[in-house]
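# An overview of the molecular structure
Okay, here's what each chain looks like letter by letter:
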Amino acid sequence: MSGVRLELCSDSPETTRRIAAALADVLVAGDVVALSGELGAGKTCFVQGAASGLGVADAVTSPTFVLVRTYAGRVTLVHADVYRLHTLQDVHDLGDEVLAPDAVTMLEWGDAVAALLPDDRLEVEILHDPDDEDARRLHLQAYGTSWTARATALEEATAAWR
């Protein structure tokens, strides 16, 4: 079941962080956010903003080489990067904290593991603007009954960037 689809505009990395921080107000334990986009599109920048909105005090850095980082906030944030993984079993081997029901999981390159994603999820595709190197277009697609119930809240949280 498909829920709300939004297209947002960001003119800078800081704006991308603000968008994600506003979105964090809608996130609850058990949410999975699958991030996709080219290298350098701003996936980690988006996670940094969401972490700030979730009350994470630690600096959020890319988990490219460690694969998973966990942060404490109003809800635990699990930040995983599955770019270098080759099989779905590799994703399972990351551990129980990934896709845990008591955490918000943000998966960079989540489109690569689409078969593992739950029915209730938010997909965020971040695209470079060909006319402005700092600008990005963010496509948010919410799936499942949980996100359908929060569609209005998601739309309100991100209204400033549509």
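Cut-offs applied
Residues numbered from 1 in each chain as written. Predicted model: local features only at pLDDT ≥ 70, side-chain atom pairs only at ≥ 80, totals over all residues. Heavy atoms only, no water. Pairing = 2+ DSSP bridges. Helix = DSSP H or I, 4+ residues; strand = E, 2+ residues; numbered from the N terminus. Phe/Tyr/Trp six-rings, centres within 6.5 Å; stacked < 30°, edge-to-face > 60°. Lys NZ or Arg CZ within 6 Å of the ring centre and 35° of its normal. pLDDT = per-residue confidence, 0-100. Salt bridge = Lys/Arg side-chain N within 4 Å of Asp/Glu carboxyl O. Buried < 20%, exposed > 50% of the residue type's maximum accessible area, 1.4 Å probe, protein only. Core = buried A, V, L, I, M, F, W, Y, C linked by side-chain atoms within 4.5 Å. Contact = heavy atoms within 4.5 Å.

### As for the pairing of strand S6 (residues 121-129)
- As defined by bridge partners, strand S2 (residues 32-36) adjoins S6 across 4 bridges and the pair is classed as parallel. Across the sheet, Ala34 pairs through a bridge with Glu123, a residue of S6.
- Looking at chain direction, S6 and strand S7 (residues 132-143) are connected through 9 bridges and run antiparallel. Bridge pairing in S7 places Glu125 opposite His139.
- The turn joining S6 and S7, which pair antiparallel and follow one another in sequence, is formed by 2 residues.

### Comments concerning the packing of aromatic side chains
- Evaluation of the coordinates by the stated rule reveals 0 aromatic pairs.
- One Lys or Arg, Arg121, reaches over the ring of Tyr143 and ends 4.2 Å from the middle of that ring.
- Its end group placed over the ring of Trp147, Arg150 keeps NZ or CZ at 4.0 Å from the ring centre.

### Observations regarding the confidence of the model for the protein chain
- The predicted model of the protein chain has a mean per-residue pLDDT of 90, with 88% of residues at 70 or higher.
- Ranking the elements of the protein chain by mean pLDDT puts helix H3 (residues 88-92) last with 59 and helix H1 (residues 13-24) first with 98.

### What about the pattern of salt bridges?
- By the definition in use, this model includes 3 salt bridges.
- Glu14 is paired through a salt bridge with Arg17; the nearest N and O atoms lie 3.7 Å apart. Taken together, the positions of Glu14 and Arg17, both in helix H1 and 3 residues apart, correspond to about one turn of that helix.
- Classification of Glu14 as partly exposed rests on a relative accessible area of 41%.
- Note that Glu123 and Arg121 form a salt bridge whose closest N and O atoms lie 2.7 Å from each other.

### Side note on the nonpolar core
- In terms of nonpolar packing, the biggest core is built from 36 residues, with Phe46, Met106, Leu122, Val124, Leu140 and Leu154 touching the most fellow members.
- Mapped by element, the contributors of at least two residues to this core are strand S1 (2-10), H1, S2, helix H2 (43-53), strand S5 (103-108), S6, S7 and helix H5 (151-157).
- Considering every element that reaches this core, the biggest residue donor is H1, with 5 residues.
- Not counting the four nearest positions on each side in its chain, Leu122 is found in contact with Leu23, Val32, Val33, Ala34, Leu140, Gln141, Ala142, Trp147 and Leu154.
- In this structure, Ala80, Val82, Ala100 and Leu117 belong to the second largest nonpolar core, which totals 14 residues.

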